[in-house]
Amino acid sequence: MTKRYFIKGRAGSGKSTLLKKVVSASKERGFDIEVYHCGFDPESVDMVVIRELSVCLFDSTDPHEYFPKRKGDEIVDLYKLTITPWYR
């Protein structure tokens, strides 16, 4: 994957919802996708891979927290992007 999105944020900040929306939009556009669910909560999406675009998005919070290590890696912090601005 040349582009990896590390989705971060507290519980309830929308990580799984974002990944589900990516799944839906990818299907609408005709991409073949791989969807990986949480082993503890099958309703929760943990990772989406779109090989045709060389893109991967995944929940990068505990207990499977990862950090960018290579070019093309990007952190998307949903807590900072969607919740924190409401307190300002």
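Every value quoted in this text rests on a predicted model; they were computed, and no experiment measured them.

Analysis parameters
- Residues numbered from 1 in each chain as written.
- Predicted model: local features only at pLDDT ≥ 70, side-chain atom pairs only at ≥ 80, totals over all residues.
- Heavy atoms only, no water.
- Phe/Tyr/Trp six-rings, centres within 6.5 Å; stacked < 30°, edge-to-face > 60°.
- Lys NZ or Arg CZ within 6 Å of the ring centre and 35° of its normal.
- Salt bridge = Lys/Arg side-chain N within 4 Å of Asp/Glu carboxyl O.
- Helix = DSSP H or I, 4+ residues; strand = E, 2+ residues; numbered from the N terminus.
- Buried < 20%, exposed > 50% of the residue type's maximum accessible area, 1.4 Å probe, protein only.
- Contact = heavy atoms within 4.5 Å.

1. Here we look at the packing of aromatic side chains
In step 1: For the coordinates displayed, the defined rule picks out 2 aromatic pairs.
In step 2: Taking 6.1 Å as the distance between ring centres and 75° as the angle between the ring planes, the aromatic pair formed by phenylalanine 58 and tyrosine 66 counts as edge-to-face.
In step 3: Grouped by ring-pair contacts, the aromatic residues Phe6, Phe58 and Tyr66 constitute a single cluster.
In step 4: Against the face of phenylalanine 67 rests lysine 8, its NZ or CZ located 4.4 Å from the ring centre.
In step 5: Directly above the ring of tyrosine 79 sits arginine 10, whose terminal nitrogen or CZ lies 4.1 Å from the centroid.

2. Quick look at the pattern of salt bridges
In step 1: Counted under the stated rule, the structure contains 4 salt bridges.
In step 2: As a salt-bridge pair, lysine 3 and glutamate 74 come within 2.8 Å of each other at their nearest N and O atoms. With lysine 3 in strand β1 (residues 3–8) and glutamate 74 in strand β5 (residues 73–77), this pair connects stretches of sequence that are 71 residues apart.
In step 3: Across the pair glutamate 34 and arginine 51 runs a salt bridge whose closest N-O atoms are separated by 2.4 Å. Of this pair, glutamate 34 sits in strand β2 (residues 34–37) while arginine 51 sits in the loop between β3 (45–50) and β4 (55–59), and the two are 17 residues apart along the sequence.
In step 4: On the basis of relative accessible area, arginine 51 is assigned to the exposed category, the value being 54%.

3. Side note on the environment of valine 45
In step 1: Tracing the sequence through the fold places valine 45 in strand β3.
In step 2: Taking relative accessible area as the criterion, valine 45 reaches 3% and is therefore assigned buried.
In step 3: Sequence spacing of valine 45 and arginine 10 is 35 residues, and the spatial spacing of their C-alpha atoms is 15 Å.
In step 4: When neighbours within four sequence positions are excluded, valine 45 is seen to be in contact with Ser16, Leu19, Lys20, Val35, Tyr36 and His37.

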